[in-house]
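Observations on the model geometry
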Amino acid sequence: MPRKLPPLTTLPSFEAAARVLSFSKAAEELHVTHGAISRAIKNLEDQLGVQLFERGTRSVSLTAVGEPYARAVREVLDQLAAATAAATARYSSSTLNVSTSDGFAGRWLVPRLYRFHRAHGDVDVRVSTSGKLTNFLGDGIDVAVRYGSGNYPGLTSELLTGEEVFPVCSPKLLEGAYPLRTPQDLRHHTLIRDSFPIDWATWLASAGVEGVDPQSGITFDSATFAMESAAQGEGVVLGRTMLVAADLAAGRLVRPFGHALKSPSSFYLVYPPEAIRQRKVKAFRDWLLSEVTPQMD
């Protein structure tokens, strides 16, 4: 059922005049003329069909109807102001809230964030790795890095890079009694798993490897822990292009074989279309894209 509302543009004038009991002081407060206040209140009274003020020669006072109405209007305007402040807080704040997976945050984003802070010292970045898929509606998130197809209706989605999946391990495992030389050598080593959809069974089948139990070894919920376990020489893990790039470059991890699987999913930067108008979002987006080196076509 439609709401019966007064002319909303008249309410600030009425509330101010009712609070200070002066059209002139209300005009000064709202930076308008005395006549503008007078006309707004007259319009409101005409629309309501009631008199809200008793007008004297040098003063005004609220009528018996005007006094409770003024209290109600003041309460509504206060609530509206509070709701507006809450709704626009993330757009006016210098804090950028980023949602992503713990693997992307720990293995790729966090080690590079110092470069963003160096260029944009006035923007504070907060990274959320809760695992909950953000909807950007009331959850305070400004941008997200998602791993998927890139099809996110109603959102802007920008490809960061495609992904390949391949075994990685500590350089230690290239030596010793059972050095890793071919995929068949995996039968002598511990397989490390995480929750990634492409698992050891898939990779081993694609490489034509038999005699290796894909369910054996160590399982982690976190890709960060799985990669770190491999870097410490505990076994072999399936790495993904972006998540192992820094460790490969530093020599903490190596690729013992060349065989790789192309993942059907990729990393995407995702945000509401209007968010790019915010300086902090555009700065982060531009920086992120500049940091990404395409790994494959």
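Everything in this summary refers to the structure shown in the same document. Just so it is clear, the model here is predicted, and its values are computed rather than measured. (Residues numbered from 1 in each chain as written. Predicted model: local features only at pLDDT ≥ 70, side-chain atom pairs only at ≥ 80, totals over all residues. Heavy atoms only, no water.)

A few words now on the overall build of the chain. Each helix and strand in the chain was counted, giving 10 helices and 12 strands. Radius of gyration (C-alpha) of the chain: 31 Å, far over the 19 Å computed for a compact globule of 297 residues. Its C-alpha atoms put the chain at 105 × 45 × 30 Å along the principal axes. Looking at the 297 residues of the chain, the share that counts as buried comes to 43%. Put simply, of all contacts in the chain between residues at least 6 apart along the chain, 74% involve residues at least 24 apart. Approximately 16,000 Å² of the chain is accessible, and the part contributed by carbon and sulfur atoms is 53%. Across the chain, the 31 positively charged side chains and the 31 negatively charged ones have centroids separated by 6 Å. (Helix = DSSP H or I, 4+ residues; strand = E, 2+ residues; numbered from the N terminus. Rg over C-alpha atoms; globule rule 2.2 N^0.38 Å. Buried < 20%, exposed > 50% of the residue type's maximum accessible area, 1.4 Å probe, protein only. Contact = heavy atoms within 4.5 Å. Areas by Shrake-Rupley, 256 points an atom, 1.4 Å probe, with all protein chains shown as cover. Lys, Arg positive; Asp, Glu negative; His and termini not counted. Charge placed at Lys NZ, Arg CZ, Asp CG, Glu CD.)

The subject of this paragraph is the packing of aromatic side chains. One pair of aromatic rings is described through two measures. These are the centre distance and the angle between the planes. Counted according to the given criterion, the structure contains 12 aromatic pairs. Where Phe 14 meets Tyr 69, the ring centres are 5.6 Å apart and the plane angle is 40°; that geometry is what we call tilted. In this pair, Phe 14 sits in helix α1 (residues 11-20) while Tyr 69 sits in helix α4 (residues 66-92), placing the two residues 55 residues apart along the sequence. Centre to centre, the rings of Tyr 147 and Phe 196 are 5.6 Å apart; their planes meet at 55°, and the pair counts as tilted. Here Tyr 147 is found in strand β5 (residues 143-148), whereas its partner Phe 196 is found in the loop between β8 (191-193) and α7 (200-206), with 49 residues between them in sequence. For Tyr 147, a relative accessible area of 28% gives the class partly exposed. On the basis of relative accessibility, which here comes to 10%, the residue Phe 196 falls in the buried class. The structure contains a cluster of three or more aromatic residues connected by ring pairs, namely Phe 104, Trp 108, Tyr 147, Phe 196 and Phe 267. Taking NZ or CZ as reference, Arg 146 lies 4.9 Å from the ring centre of Tyr 152, over its face. (Phe/Tyr/Trp six-rings, centres within 6.5 Å; stacked < 30°, edge-to-face > 60°. Lys NZ or Arg CZ within 6 Å of the ring centre and 35° of its normal.)

This brings us to the sheet that holds strand β4 (residues 124-128). Reading across the sheet, the 5 strands line up as β4-β3-β5-β12-β6 and stay open at both edges, with mixed pairing between neighbours. Unpaired on one side and paired on the other, β4 and β6 (156-161) mark the two borders of the sheet. Neighbouring strand axes in the sheet, compared pairwise and without regard to direction, differ in orientation by 25° on average. Here helix α5 (residues 102-109) sits on the sheet and contacts β3 (95-99), β4, β5, β6 and β12 (266-271); the angle it forms with β4, its principal contact strand, is near 135°. (Pairing = 2+ DSSP bridges. Axes fitted to C-alpha atoms, helices over the stretch in contact; angles between N-to-C directions.)

Moving on to empty space enclosed by the protein. If you walk through the whole model with that rule in mind, you get 1 cavity of 30 Å³ or more. Here the largest cavity is characterised by a volume of approximately 80 Å³. Around the largest cavity, the lining residues are Ile 192, Arg 193, Asp 194, Phe 196, Ile 198, Asp 199, Trp 200, Val 237, Leu 238 and Arg 240. Only β8 and β10 (236-240) provide two or more residues apiece to the lining of the largest cavity. (1 Å grid on protein atoms, 1.4 Å probe; cavity = no way out; pocket = protein on both sides within 12 Å on 5 of 7 lines; lining within 4 Å. Points joined across faces, edges and corners; volume = space filled by probe spheres on them.)

What sets the pattern is the α-helix's 3.6 residues per turn: residues three or four places apart point alike. Within helix α2 (residues 23-30) the residues assigned to the buried category are Phe 23, Ala 26 and Ala 27. The buried residues of α2 occupy one face: seen down the axis, they fall within an arc of 100°. In α2, those exposed residues whose orientation departs by more than 90 degrees from the buried face are Lys 25 and Glu 28. In the core, the buried residues of α2 are packed alongside α1, α3 (34-48), β1 (53-55) and β2 (60-62). N-cap assignment for α2: the residue whose side-chain oxygen lies 3.3 Å from the backbone N of Ser 24 is Ser 22. One or two residues past the end of α2 sits His 31, with phi positive at roughly 60°. (Arc of directions from axis to C-beta. Polar contact = N/O pair within 3.5 Å; in protein donor to acceptor, adjacent residues only side chain to side chain.)

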